[in-house]
4 protein chains.
Amino acid sequence: MARKQARRSPFGFAVPDVPASLDDVFNLHDFESLARERLAPTAYGYYASGAGDERSLADNLASWSRWRLVPRVLAGARHPELTTSLLGASAALPIGVAPAALQGMAHPDGELALARAAARAGAPFVLSTASTRSIEEVGAAAGDTGAPRWFQLYVEHDLAFARELVERAEAAGFGAVVLTVDLPVAGYRERDLRTRFSIPASVQAHLPPDAAGGDDTFVAYLDRKPPLRWQDVATIAGWTSLPLVLKGILSPLDVDRAIQHGARAIWVSNHGGRQLDGTVTAPEVLGEIVDATEGRAEVYADGGVRRGSDVAVALVLGARAVFTARPFLYALAAAGEAGADRAFEIIGDELRRALAILGVVDVAGVRRDHIRPAP
Amino acid sequence: MARKQARRSPFGFAVPDVPASLDDVFNLHDFESLARERLAPTAYGYYASGAGDERSLADNLASWSRWRLVPRVLAGARHPELTTSLLGASAALPIGVAPAALQGMAHPDGELALARAAARAGAPFVLSTASTRSIEEVGAAAGDTGAPRWFQLYVEHDLAFARELVERAEAAGFGAVVLTVDLPVAGYRERDLRTRFSIPASVQAHLPPDAAGGDDTFVAYLDRKPPLRWQDVATIAGWTSLPLVLKGILSPLDVDRAIQHGARAIWVSNHGGRQLDGTVTAPEVLGEIVDATEGRAEVYADGGVRRGSDVAVALVLGARAVFTARPFLYALAAAGEAGADRAFEIIGDELRRALAILGVVDVAGVRRDHIRPAP
Amino acid sequence: MARKQARRSPFGFAVPDVPASLDDVFNLHDFESLARERLAPTAYGYYASGAGDERSLADNLASWSRWRLVPRVLAGARHPELTTSLLGASAALPIGVAPAALQGMAHPDGELALARAAARAGAPFVLSTASTRSIEEVGAAAGDTGAPRWFQLYVEHDLAFARELVERAEAAGFGAVVLTVDLPVAGYRERDLRTRFSIPASVQAHLPPDAAGGDDTFVAYLDRKPPLRWQDVATIAGWTSLPLVLKGILSPLDVDRAIQHGARAIWVSNHGGRQLDGTVTAPEVLGEIVDATEGRAEVYADGGVRRGSDVAVALVLGARAVFTARPFLYALAAAGEAGADRAFEIIGDELRRALAILGVVDVAGVRRDHIRPAP
Amino acid sequence: MARKQARRSPFGFAVPDVPASLDDVFNLHDFESLARERLAPTAYGYYASGAGDERSLADNLASWSRWRLVPRVLAGARHPELTTSLLGASAALPIGVAPAALQGMAHPDGELALARAAARAGAPFVLSTASTRSIEEVGAAAGDTGAPRWFQLYVEHDLAFARELVERAEAAGFGAVVLTVDLPVAGYRERDLRTRFSIPASVQAHLPPDAAGGDDTFVAYLDRKPPLRWQDVATIAGWTSLPLVLKGILSPLDVDRAIQHGARAIWVSNHGGRQLDGTVTAPEVLGEIVDATEGRAEVYADGGVRRGSDVAVALVLGARAVFTARPFLYALAAAGEAGADRAFEIIGDELRRALAILGVVDVAGVRRDHIRPAP
């Protein structure tokens with residue numbers, strides 16, 4: 001099955017030359033089987049896997065559906081307006097590309113392709129610290145469409161190096177720093193261990209020099225360093241005029257502290273089920289976290305978002321935007337940049353249709369009574 | 001297996017000449033496999049499919065069973081009376097044919113066959129705007145048995161044309177207008193997209209001239225028009241002396257407004273799971289909607305009704321009648337009008353038996369303590 | 001598999017001559033597969049089937065497990081005493097044979113075999129009106145062990161004939177009349193319809209003369225008669241000095257009336273899932289029904305009892321005894337009377353073990369805090 | 001598959017000579033399939049089986065996941081400290097080997113191997129009365145690492161003999177007596193009955209002389225004896241200066257009495273689902289039992305613990321340590337002592353990672369708001 005025309009990506013992974021046909025792609029799920037056929041098994045496993053027994057991986061997908069939608073009639077627009085503002089910037093779509101590592105395994109263009117597709121869609125794109133393309137390349141590729149382009153920061157734990165990254169990101173036109181706070185230890189994904197997946201030493205573009213050099217080096221590096229702390233958040237916020245987003249919060253009890261330490265937004269996430277198996281999922285805590293902000297910070301969410309109706313639930317719960325990564329990676333692997341364009345088109349259309357039937361004219365129109373817990 | 005004797009229906013779909021034997025049909029489910037064998041895959045897919053991941057399609061079927069029946073002993077009739085009145089007219093059965101489009105794909109006689117079978121059973125029949133037979137043909141075919149015969153109206157969004165339809169329906173002896181209010185956008189049913197199903201241009205009998213001509217034309221037409229609004233409901237109610245039913249309401253919060261704008265009845269429906277995947281189902285909101293009417297309007301329900309016990313639950317929750325479409329379409333495809341007759345016989349018998357064991361003598365005898373939430 | 005040595009039972013069904021080995025029978029479930037191999041498919045279907053979609057059939061089996069057992073330590077006997085009294089008579093086991101029709105299909109000895117096995121076990125046996133052996137034969141066969149032997153009465157609806165049956169039962173040494181009150185209409189079991197199962201005209205031992213003669217005759221007979229009413233209960237209670245048990249009650253709201261009309265015991269049952277699909281199950285309402293008696297009547301339960309732990313749950317909820325039929329029919333079909341003996345031994349041992357671990361010394365020792373709803 | 005190089009263990013069971021490779025063992029589940037290949041089916045069945053329908057066996061595994069973890073960010077150590085104290089002694093790991101019978105079936109070294117591995121890991125080891133090695137052998141093998149080494153006591157019911165065992169255990173350096181209180185009758189595990197599993201007469205090292213001699217002898221012995229009672233607990237506590245742990249408590253109502261009769265710790269357990277099927281599980285009652293102690297006793301738990309996240313849930317609910325047996329038996333069968341070492345390494349790493357992501361620096365840092373019931 002396929003892979004005949006495979007060539008090497010610059011990152012050592014085989015990807016086929018010829019993009020898959022999008023004729024039978026009608027939803028985001030459809031990209032996954034196409035991608036699975038085309039990706040190296042180690043790469044597919046890396047993208048697809050979760051921690052432990054992968055319960056959270058499955059829970060993420062299932063838990064948006066634990067809320068039922070309650071449409072209101074005769075009140076909606078046929079094509080509700082999806083434009084929103086995120087940290088003061090305008091986005092045409094409240095759905096963005098979450099910061100996924102190693103996008104070069106899906107396609108030679110890697111992060112460049114997804115950044116360009118997001119920009120075309122007016123959607124937020126978040127570049128991972130563990131990218132296969134540099135901050136500057138991605139900043140240049142995305143152009144100046146006004147769509148939010150943010151930089152995700154791991155600080156594990158060389159503050160001087162991290163500061164350099166933040167300054168590079170600011171210089172390259174990125175509009176916010178998304179500080180990941182749920183990685184005091186590396187996730188333990190057994191699929192990767194079984195496939196002997198290893199991050200090629202060459203691809204760790206934004207790690208401190210003594211951390212680069214493959215998985216073992218990175219883990220050893222981490223072990224030498226103290227973990228990130230609340231006081232570091234304030235320090236990091238002070239380096240830049242860019243707004244700071246804290247990504248990986250799951251407890252409403254962490255919200256106040258996040259805001260007090262300078263967070264302008266809270267990103268609710270269990271890291272795609274890749275860090276600690278068995279945690280709460282975003283839709284289980286999102287509403288409470290929004291309430292805990294008391295309007296002082298924007299809230300985003302990720303984890304298992306695949307349908308416009310999932311996005312609608314998140315908006316109803318008070319998220320200002322949602323993010324997802326795997327569908328975009330699969331779209332990229334399946335059909336390159338055209339695949340990513342199609343992914344944005346699909347999820348945008350689905351959200352528009354969902355909002356129309358919910359009976360609203362724009363994303364601001366949703367209210368808590370638009371959902372109920374499923375029985 | 002079958003299709004040997006297939007001929008073309010006037011609507012371009014192959015249906016076999018020889019009706020299936022009804023010897024092994026003991027419940028409404030049994031019609032589906034017979035129909036599936038006989039229908040063109042595109043036609044079967046059109047009838048069977050739902051929106052999105054088809055969760056609501058499955059939820060509809062499952063959710064009547066989330067209520068448990070609590071029989072009372074030594075109180076029922078052996079053959080409880082099923083006669084009821086709907087909008088002032090008498091019906092021998094509180095179970096009707098929901099307005100399904102394109103019945104001509106199931107059988108050359110299409111809507112004529114189901115209208116005649118419903119009339120014989122004394123059951124309500126609702127003709128879809130998107131029928132394959134004209135208002136006048138169906139009005140004439142059904143004869144004058146006194147069973148309720150209503151006209152379902154899409155107003156998307158040519159008021160003059162809609163008014164013409166209402167006047168034609170009234171002239172043809174239809175007794176109510178069922179205005180569908182949950183279709184601000186066309187449903188997105190991926191099964192239809194995968195089978196490349198397309199509505200033949202010739203069959204759209206009751207669309208405005210500039211909307212007819214196949215799916216693309218219709219969608220383009222919709223895009224040019226503003227969606228239906230609450231004020232339009234009052235306008236439409238004013239065109240006719242026929243009572244107005246609003247079909248597609250799922251929120252108790254919409255009830256008051258519906259009544260104030262002239263609705264004489266509320267039809268609780270998620271459009272058979274065909275519009276927005278993930279909504280509440282009728283049995284989840286029916287009781288609250290009935291309560292919200294405070295007796296000012298009748299309430300009907302549809303979605304996943306397959307068994308007399310489902311109907312009993314709906315009656316207990318306060319519905320005055322329930323509707324279903326797929327089982328009748330499958331019965332029609334399986335064995336023509338005789339199939340439809342048998343479907344009415346089965347569901348009527350099942351309801352009678354359920355009410356007998358619940359311990360009532362007629363449909364008015366059910367009370368809320370006849371059900372409990374399943375554990 | 002098997003059936004080689006089959007011969008005709010007097011009721012026209014093939015049963016093998018040679019009993020199955022009991023070497024691998026360790027619980028009541030084990031009898032079913034043995035029986036299925038040996039019974040005519042129509043007979044197996046008749047025993048095994050339920051009404052409608054057979055949801056209640058499955059719910060019955062599952063719902064005892066919706067209560068979790070909470071053992072207390074260091075308080076029980078190693079072999080707790082199972083003896084109890086039922087309607088003033090002593091029973092060595094609080095587990096009896098529910099009145100199942102047509103036991104002659106399982107074994108030529110039919111009701112005689114199960115009555116004898118129950119008597120040996122000191123367990124209650126309830127003879128069905130629709131038996132294949134006469135009241136007098138069963139009365140004589142069971143002997144005088146003191147174990148409760150009751151007669152189940154259908155009154156559908158020839159009071160003179162019913163009175164004759166009650167007088168025959170009293171004369172034959174039966175100790176109570178179990179009046180079935182949940183059969184205003186015959187159940188509709190589709191498995192029987194699909195197998196074209198029909199009750200042989202010859203076997204309806206205790207039906208009025210104009211009702212005998214096969215299913216059609218019986219159904220026609222029922223249709224000519226008014227259903228049983230509350231006032232009939234008082235009438236029937238007045239015919240005999242035997243205590244009256246009302247079987248088939250599921251609503252706590254029927255308890256008071258039952259007692260006022262002369263019931264000395266309430267039998268909670270959904271008729272093995274054979275009457276109305278989708279009802280509540282015994283474990284869902286048993287506790288409330290016990291509470292509603294306020295000690296004025298004994299309460300029994302049936303439906304899905306297969307394990308000693310199921311019996312323990314029923315006792316905790318306040319049942320004085322539980323009944324089950326299918327396991328005894330399967331045991332009988334598998335290995336004749338020896339099979340039934342083994343069935344009593346197994347369920348008795350299981351109950352004893354359950355009570356020992358729950359920490360009680362006899363059946364009276366259980367308390368409501370011995371169970372909790374499963375999460 | 002395998003077993004080619006099998007030899008006899010001293011207890012009559014075949015185990016292969018060559019240990020399995022641990023290269024593909026990434027979690028505790030992985031040991032089971034390796035062990036299953038290598039163990040005699042009777043031995044595997046004995047370890048793996050549960051009582052009745054094995055619902056509790058499955059519930060145990062599933063029920064830790066009915067609690068969701070709620071991480072707190074920026075607060076944890078990278079390598080949280082796992083050291084705790086149990087009954088005043090230090091343990092490097094709050095995860096121990098539960099007292100499992102007949103470890104010699106898994107490996108010729110039996111209890112010696114697991115005791116040595118636990119000692120190396122600093123983890124508690126509990127020797128079963130029904131061991132295949134003597135108290136003195138195990139005491140000597142484990143050496144003096146300071147890790148808790150306890151003796152589990154069955155008193156069924158020869159107090160003089162039991163006292164002798166306690167004195168031998170104390171002399172052999174065991175630090176606590178774990179009195180099992182949930183075995184008034186032997187469990188009834190049907191898998192063992194189907195495989196005709198029988199405990200070899202030679203292996204029952206610590207049974208009174210008139211009880212030894214195989215299953216039948218033991219069961220007959222039990223039948224001659226009264227069961228253990230609360231007053232016996234106080235008697236046993238008086239024999240020794242060792243602290244007494246009561247193992248097998250599931251009701252919060254038993255806690256006070258346990259403490260009053262001299263228990264220094266409560267071990268919440270349903271005996272691995274091997275005694276009474278259908279009981280509550282540890283995670284369902286653990287929190288309440290901890291609350292009932294009001295700090296007067298330590299609480300432990302077992303049953304279905306397979307993951308560090310399970311251990312974390314137990315700690316959050318207030319357990320001071322958790323125990324598990326099957327994974328260690330399977331590890332032992334798979335690869336001998338090296339397997340057991342790996343098992344401790346895996347579960348310790350998983351717990352450390354879970355605590356790091358929960359945001360604590362040591363086991364004492366967990367709080368009840370670190371978990372929520374799963375929806």
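Residues numbered from 1 in each chain as written. Chains lettered and ligands numbered in written order. Predicted model: local features only at pLDDT ≥ 70, side-chain atom pairs only at ≥ 80, totals over all residues. Heavy atoms only, no water.

## Quick look at the environment of D:Ala121
Residue and element names in this part refer to chain D. By the element assignment, Ala 121 lies in helix H4 (residues 111–121). By relative accessible area, Ala 121 is classed as partly exposed at 25%. Sequence spacing of Ala 121 and Val 313 is 192 residues, and the spatial spacing of their C-alpha atoms is 21 Å. In this structure Ala 121 touches Ala 92, Leu 93 and Phe 344, once residues within four positions along its chain are discounted. (Helix = DSSP H or I, 4+ residues; strand = E, 2+ residues; numbered from the N terminus. Buried < 20%, exposed > 50% of the residue type's maximum accessible area, 1.4 Å probe, protein only. Contact = heavy atoms within 4.5 Å.)

## A look at helix H13 (residues 326–358) of chain D
Residue and element names in this part refer to chain D. With 33 residues, H13 should cover 48 Å at 1.5 Å per step; its first-to-last C-alpha distance of 27 Å lies more than 12% under that length. At Ala 335, H13 is bent by approximately 135 degrees, the largest bend along its length. Of all 33 residues making up H13, 28 are buried, and the element is well covered by its neighbours. Downstream of H13 by one or two residues, Gly 359 has phi in the positive range, about 90 degrees. (Expected span 1.5 Å × (residues − 1). Bend = angle between axes of the 7 residues up to and from the residue.)

## Focus on the nonpolar core
In terms of nonpolar packing, the biggest core is built from 130 residues, with B:Phe31, B:Leu153, B:Leu179, B:Leu246, B:Val268, B:Leu286 and B:Tyr300 touching the most fellow members. The contact partners of B:Leu286, leaving out residues within four places of it in the chain, are B:Trp64, B:Val268, B:Val299, B:Tyr300, B:Ala301, B:Ala314, B:Leu317 and B:Ala319. (Core = buried A, V, L, I, M, F, W, Y, C linked by side-chain atoms within 4.5 Å.)

## Brief notes about the interface of chain A and chain B
Reports of interface size often rely on the accessible area that becomes lost once the parts have come together. Residue-level contacts link 33 residues of chain A with 43 residues of chain B. Here chain A packs against chain B, burying approximately 3,200 Å² in sum over the two surfaces, 51% of which is carbon and sulfur. Per-residue buried area on chain A facing chain B is highest for A:Arg68, A:Leu74 and A:Arg78; these three make up 28% of the total on that side. Linking chain A with chain B are eight salt bridges. With a shortest N-O distance of 2.9 Å, A:Arg72 and B:Asp254 are connected by a salt bridge. Residue assignment for the side of chain A that touches chain B shows that the elements contributing at least two residues are helix H1 (29–38), strand S3 (67–69) and helix H13 (326–358) of chain A. For the side of chain A that touches chain B, the element with the most residues is H13(A), which contributes seven residues. Partitioned by chemical class, the residues of the side of chain A that touches chain B number 15 nonpolar, six polar and 12 charged. (Buried area = accessible area lost by both parts, 1.4 Å probe. Salt bridge = Lys/Arg side-chain N within 4 Å of Asp/Glu carboxyl O. Nonpolar A, V, L, I, M, F, W, Y, C, P; charged D, E, K, R; others polar.)

## Some thoughts on the pairing of strand S9 (residues 176–180) of chain B
All names here are of chain B. Buried residues dominate S9, accounting for five of its five residues. Here S9 shows a buried face lined by Ala 176, Val 178 and Thr 180 and a second buried face lined by Val 177 and Leu 179. In the sheet, S9 pairs with strand S10 (residues 244–249) via four bridges, with the strands oriented parallel. Within the sheet, the bridge partner assigned to Val 177 lies in S10 and is Leu 244. (Pairing = 2+ DSSP bridges.)

## Quick notes on the relation of the copies chain C and chain D
Overlay of chain C on chain D (RMSD 0.0 Å): rotation 90 degrees, translation along the axis 0.1 Å. Here the copies are linked by what is in effect a four-fold axis. The rotation axis passes nearest to the C-alpha of C:Pro375 in chain C, at a distance of 7.4 Å. (Least-squares fit on C-alpha atoms with pLDDT ≥ 70 in both.)

## Looking at the environment of D:Val366
Residue and element names in this part refer to chain D. If you trace the backbone, Val 366 turns up in the loop between H13 and strand S14 (371–373). For Val 366, a relative accessible area of 14% translates into the label buried. When the C-alpha positions of Val 366 and Glu 156 are compared, they lie 39 Å apart, and in sequence the two are 210 residues distant. For Val 366, the residues in contact, after removing those within four places along its chain, are Leu 315, Val 316, Leu 355 and Val 360.

## A few points about the interface of chain C and chain D
Taken together, the contact between chain C and chain D spans 33 residues of the former and 43 residues of the latter. Carbon and sulfur atoms supply 51% of the area buried between chain C and chain D, which totals about 3,200 Å² over both sides. Here chain C is connected to chain D by eight salt bridges. As a salt-bridge pair, D:Arg194 and C:Asp30 come within 2.9 Å of each other at their nearest N and O atoms. Counting across the interface, chain C meets chain D through 24 residue pairs in polar contact (both at pLDDT 80 or more). For the side of chain C that touches chain D, the secondary-structure elements that each account for two or more residues are helix H1 (29–38), strand S3 (67–69) and helix H13 (326–358) of chain C. Across the side of chain C that touches chain D, the residue classes break down as 15 nonpolar, six polar and 12 charged. (Polar contact = N/O pair within 3.5 Å; in protein donor to acceptor, adjacent residues only side chain to side chain.)

## Remarks on the confidence of the model for chain A
Regions with low pLDDT carry predicted coordinates that are not meant to be interpreted in detail. Residue and element names in this part refer to chain A. Averaged over all residues, the pLDDT of chain A is 92; the fraction at 70 or higher stands at 92%. This stretch, residues 1–7, has a pLDDT under 50; its non-local contacts, to residues over four places away or in other chains, come to 19 contacts. Interface scoring of the predicted complex returns ipTM 0.95; its pTM is 0.95. (pLDDT = per-residue confidence, 0-100.)

## Structural notes on the pattern of salt bridges
All names here are of chain D. Following the criterion strictly, the structure yields 108 salt bridges over all chains and no others. As a salt-bridge pair, Arg 191 and Glu 54 come within 3.0 Å of each other at their nearest N and O atoms. With Arg 191 in helix H7 (residues 190–195) and Glu 54 in the loop between helix H2 (41–48) and helix H3 (55–63), the pair connects residues that are 137 residues apart, well separated along the chain.

## Points about the packing of aromatic side chains
Enumeration over the complete set of coordinates arrives at 40 aromatic pairs over all chains. Aromatic pair B:Phe151 and B:Phe174: ring centres 6.2 Å apart, planes at 75 degrees, arrangement edge-to-face. Residue B:Phe151 is found in strand S8 (residues 149–153), and its partner B:Phe174 is found in the loop between helix H6 (159–171) and S9; the two are separated by 23 residues along the sequence. When its relative accessible area of 0% is taken as the criterion, B:Phe151 is described as buried. Each member of the aromatic cluster is reached from another via a ring pair, and the members are A:Trp150, A:Trp267, A:Tyr300 and A:Phe323. (Phe/Tyr/Trp six-rings, centres within 6.5 Å; stacked < 30°, edge-to-face > 60°.)

## Points about the packing of H4(D) against helix H5 (residues 135–142) of chain D
All names here are of chain D. At a minimum axis separation of 8 Å, H4 and H5 run at an interaxial angle of 30 degrees. As for the relative orientation of H4 and H5, their crossing is right-handed in sense. Touching Glu 111, Leu 112, Ala 115, Arg 116 and Ala 119 of H4 are Glu 137, Val 138, Ala 141 and Ala 142, all from H5. Class assignment for the residues of the contact of H4 with H5 results in six nonpolar, no polar and three charged. (Axes fitted to C-alpha atoms, helices over the stretch in contact; angles between N-to-C directions. Left-handed = near helix turned anticlockwise from the far one by under 90°.)

## Examining helix H12 (residues 308–316) of chain C
Residue and element names in this part refer to chain C. For H12, the tally of buried residues reaches nine of nine residues, placing the bulk of the element in the interior. Inspection of H12 places Gly 308, Ser 309, Asp 310, Val 311, Ala 312, Val 313, Ala 314, Leu 315 and Val 316 among the buried residues, and these make up the whole buried set. Positive phi shows up at Gly 318, right after H12, with a value of about 110 degrees.

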